[in-house]
Amino acid sequence: MTLFTEDNLQITFNNVTHARKFDDSEHGLSHCMKAVDFVIELPDRYLFIEFKDPENPDIPIQYRAAAIQNLNNSEFDEDLKHKFRDTFLYEWASGCADKPVEYFVLVALEDRPLLSRRLEALELNLPLGMPASAAWTRPIVHRCGVFNITDWNTTFPDYPVRRLS
């Protein structure tokens, strides 16, 4: 069992090959590359996981509304895209992108229509699946998803998330 905390959220990883927090300074390229929060290795695939917590009770209330508003713009979608691409490139250059990669975003917010729009944008912004030209031998991103805490815990019971306060 591996436990990580990101702001006011905590995630537990059970039954994984390797789990690491990735968006810290250890990768050494934060000056030029964006990073997802966690990279999880399973026997058959990698999970890239990003957390967003606009309702973090540690954030002053006047900033929470702005954080939620930021989820509704294309800059947020671009940020998610670049976090995936830069992490994938880093992992590929490290010789670690040798299994299918799935990208999941947890947004700690119960606004399902907003999360649905973010999933649509993510699917459009990522090279999901194989291109029609079929020059590739494998996809870059196998699957992606955007979840709130409730849906995350239902979908990923081996990786439960809870709010700390």
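If you're wondering where the values come from, they're calculated on a predicted model, not measured in any experiment.

## Let's talk about the confidence of the model for the chain
Per-residue confidence for the chain gives a mean pLDDT of 92; residues scoring 70 or more make up 99%. Across the chain, the secondary-structure element scoring lowest on mean pLDDT is helix H1 (residues 61-70), at 87, and the one scoring highest is strand E6 (residues 101-107), at 98.

## Some remarks on the sheet that holds strand E7 (residues 143-147)
Across the sheet, which stays open at both edges, the five strands sit in the order E3-E4-E5-E6-E7 with mixed pairing between neighbours. The open sheet has two edge strands, strand E3 (18-21) and E7, and neither has a second partner. Sheet twist, expressed as the average angle between the axes of neighbouring strands with direction ignored, equals 15 degrees. Of the strands in this sheet, E3, strand E4 (38-41), strand E5 (46-52) and E6 are in contact with helix H2 (residues 74-93), which crosses E5 at around 145 degrees. Running over the sheet, helix H3 (residues 112-125) touches E6 and E7 and is turned about 160 degrees from E7.

## Here we look at the packing of aromatic side chains
Taken as a whole, this structure holds 16 aromatic pairs when the rule is applied. Centroid distance Phe-147 to Phe-156: 5.3 Å. Interplanar angle 75 degrees. Geometry classified as edge-to-face. By relative accessible area, which is 7% here, Phe-156 ends up buried. An aromatic cluster is defined as three or more aromatic residues linked by ring pairs; in this entry it consists of Phe-4, Phe-13, Phe-38, Phe-51, Phe-104, Phe-147, Trp-152, Phe-156 and Tyr-159. When the ring centre of Tyr-46 is taken as origin, the NZ or CZ atom of Lys-99, which lies over that ring, is 5.3 Å away.

## A few points about the packing of H2 against H3
Contact geometry of H2 with H3 gives a least axis separation of 10 Å together with a crossing angle of 50 degrees. The orientation of H2 with respect to H3, classified from their angle, is oblique. Note that H2 runs across H3; the crossing there is right-handed. Where H2 approaches H3, its residues Phe-76, Asp-77, Glu-78, Leu-80, Lys-81 and Arg-85 are matched on the opposing element by Arg-118, Ala-121, Leu-122 and Asn-125. Along the lines of polarity and charge, the residues of the contact of H2 with H3 split into four nonpolar, one polar and five charged.

## What to know about the nonpolar core
In this structure, Phe-48, Phe-84, Tyr-103, Val-105, Val-107, Leu-122 and Leu-126 are the most contacted members of the largest nonpolar core, which totals 26 residues. Where this core is concerned, the elements lending two or more residues are E5, H2, E6, H3 and E7. The element contributing the most residues to this core is H2, with five residues. Residues within four places of Val-107 in sequence aside, it is in contact with Lys-52, Pro-54, Leu-71, Leu-115, Val-146, Phe-147, Asn-148 and Ile-149. Counting 20 residues, the second largest nonpolar core, distinct from the first, contains Ile-40, Leu-42, Phe-51 and Phe-156.

## Notes on the pairing of E4
For E3 and E4, the ladder comprises four bridges, and the chain directions are antiparallel. Note on E4: the bridge partner recorded for Lys-21 is Phe-38. Where E4 and E5 come together, four bridges link them in antiparallel fashion. Of the residues in E5, the one forming a bridge with Ile-40 is Leu-47. Linking E4 to E5, which pair antiparallel, is a turn of four residues.

## Concerning the sheet that holds strand E8 (residues 161-163)
Reading across from one edge, E1-E2-E8 is the order of the three strands in this open sheet, with antiparallel pairing throughout. The sheet terminates laterally at strand E1 (2-6) and E8, the two strands that pair on one side only. Across the sheet, the mean angle separating the axes of adjacent strands is 20 degrees when strand polarity is ignored. Relative to strand E2 (residues 9-13), E1 is paired through five bridges, and the arrangement is antiparallel. Bridged to Phe-4 within E2 is Ile-11.

So, how was this worked out
- Residues numbered from 1 in each chain as written.
- Predicted model: local features only at pLDDT ≥ 70, side-chain atom pairs only at ≥ 80, totals over all residues.
- Heavy atoms only, no water.
- pLDDT = per-residue confidence, 0-100.
- Helix = DSSP H or I, 4+ residues; strand = E, 2+ residues; numbered from the N terminus.
- Pairing = 2+ DSSP bridges.
- Axes fitted to C-alpha atoms, helices over the stretch in contact; angles between N-to-C directions.
- Contact = heavy atoms within 4.5 Å.
- Phe/Tyr/Trp six-rings, centres within 6.5 Å; stacked < 30°, edge-to-face > 60°.
- Buried < 20%, exposed > 50% of the residue type's maximum accessible area, 1.4 Å probe, protein only.
- Lys NZ or Arg CZ within 6 Å of the ring centre and 35° of its normal.
- Parallel < 35°, antiparallel > 145°, perpendicular 65-115°, else oblique.
- Left-handed = near helix turned anticlockwise from the far one by under 90°.
- Nonpolar A, V, L, I, M, F, W, Y, C, P; charged D, E, K, R; others polar.
- Core = buried A, V, L, I, M, F, W, Y, C linked by side-chain atoms within 4.5 Å.

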